[in-house]
Amino acid sequence: MHNEVMPKACKILSVIKESKLEYTFRVETDIIPEHGQFLQLSIPKVGEAPISVSGFGNGYMDFTIRSVGKVTNEIFDLKAGDTLFLRGAYGKGWPIEKFKDKNMVIISGGTGLAPVRSMINKFYNNSSYVKSLNLICGFKNEEGILFKPELELWKEKFNTIYTLDNDTKEGWETGLVTTHIKQIPFESFGDNYEVVIVGPPMMMHFTALECLKNGIPEDKIWVSFERKMSCAIGKCGHCRIDETYVCLEGPVFNYTKAKNLLD
């Protein structure tokens, strides 16, 4: 009988240091997630943590993890060849089919780039899937920049705006992502576009408000809402907001619903 909360031991294939606080772990697995889903990563006798999938392919999955607590700190001590336990994938991912042939706008803040990385690479590798992609990626400072090789690749095919909140860097903008939304040519898209926003709750809140100020309808905005998950199957209630179980109905939400969940 299948046990949906039983984790499976998986071998770590590689560890990439993205920044001082963020590492990407490539794990051997036959699980095939949807873009935007999450898994529960665990270490026996330590605990587990919900982590979004930042990439996947034939026989592997990537998790870009920020060291912020007991479980993630222990995971950071692991190396290639060690074992990490996975269960999932869980939740509802990005509505990829709805994005087909659209002018896409993706706005990310910090580690919020991780949950959209696999989707961006899908668009990069299948250039006819979307009509266009406008990408705004913001980081607090130069030390926190993630996925540097891919950021360079994406510039080849997409309209990219890379910005640092406070630092200056050659070829980069300075300022919060909200200050650069006005550079996106929404007027040229007609009605054929969708907007994805991913980052810390405050970043998503104010970025969505800025989009609304620019005339973008609520139903064209999508966010990935990550709260403190526990069971990931809607049984424990840790992620419940009013009547919404984020682990079951999300983590991806349309803004028409997400506006009442952002806190």
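To start, this report covers the structure provided alongside it. Here the structure is a predicted model, which is why all the values come from computation and not from measurement. (Residues numbered from 1 in each chain as written. Predicted model: local features only at pLDDT ≥ 70, side-chain atom pairs only at ≥ 80, totals over all residues. Heavy atoms only, no water.)

**Concerning the environment of Lys79**
Take Lys79: it is sitting in the loop between α1 (70–75) and β7 (83–90). Taking C-alpha positions, Lys79 is 44 Å from Ile216, a pair spaced 137 residues apart along the chain. Once residues within four sequence positions are removed from consideration, Lys79 is found in contact with Ile12 and Val15. (Helix = DSSP H or I, 4+ residues; strand = E, 2+ residues; numbered from the N terminus. Contact = heavy atoms within 4.5 Å.)

**Let's talk about the environment of Lys20**
Here Lys20 is to be found in the loop between β1 (8–17) and β2 (22–28). The class for Lys20 is exposed, based on a relative accessible area of 67%. Sequence separation of Lys20 and Ile145 is 125 residues, and the distance between their C-alpha atoms is 9.9 Å. (Buried < 20%, exposed > 50% of the residue type's maximum accessible area, 1.4 Å probe, protein only.)

**Digging into the packing of aromatic side chains**
In the structure shown here, the tally under the stated rule is twelve aromatic pairs. With a centroid separation of 6.0 Å and 50 degrees between ring planes, the pair formed by Phe25 and Phe76 is classed as tilted. With Phe25 in strand β2 and Phe76 in the loop between α1 and β7, the pair connects residues that are 51 residues apart, well separated along the chain. This pair shows no difference in class: Phe25 is buried, exactly as Phe76 is. Measuring from centroid to centroid gives 6.0 Å for Phe189 and Tyr193, while their planes differ by 45 degrees, and the two rings are tilted. Among the aromatic residues, those joined into a cluster by ring pairs are Tyr23, Phe25 and Phe76. Positioned over the ring face of Tyr124 is Lys157, at 4.3 Å from the centre of the ring. Here the guanidinium or amino end of Lys220 rests over the ring plane of Tyr193, the centre of that ring lying 5.0 Å away. (Phe/Tyr/Trp six-rings, centres within 6.5 Å; stacked < 30°, edge-to-face > 60°. Lys NZ or Arg CZ within 6 Å of the ring centre and 35° of its normal.)

**Considerations on the layout of surface pockets**
There is about 1300 Å³ of room inside the largest pocket. Lining the largest pocket are 48 residues; nearest its centre among them are Arg66, Gly110, Thr111, Gly112 and Pro200. Those elements that provide at least two residues to the lining of the largest pocket are β3 (38–43), β4 (47–52), β6 (60–66), α3 (114–125), β9 (132–139) and α5 (201–213). Each residue belonging to the lining of the largest pocket can be placed in one class, and the counts come to 21 nonpolar, 17 polar and ten charged. Taken together, domain 1 (8–90) and domain 2 (96–259) each give at least three residues to the lining of the largest pocket, which thus spans both. (1 Å grid on protein atoms, 1.4 Å probe; cavity = no way out; pocket = protein on both sides within 12 Å on 5 of 7 lines; lining within 4 Å. Points joined across faces, edges and corners; volume = space filled by probe spheres on them. Nonpolar A, V, L, I, M, F, W, Y, C, P; charged D, E, K, R; others polar. Domains from an automatic or database assignment.)

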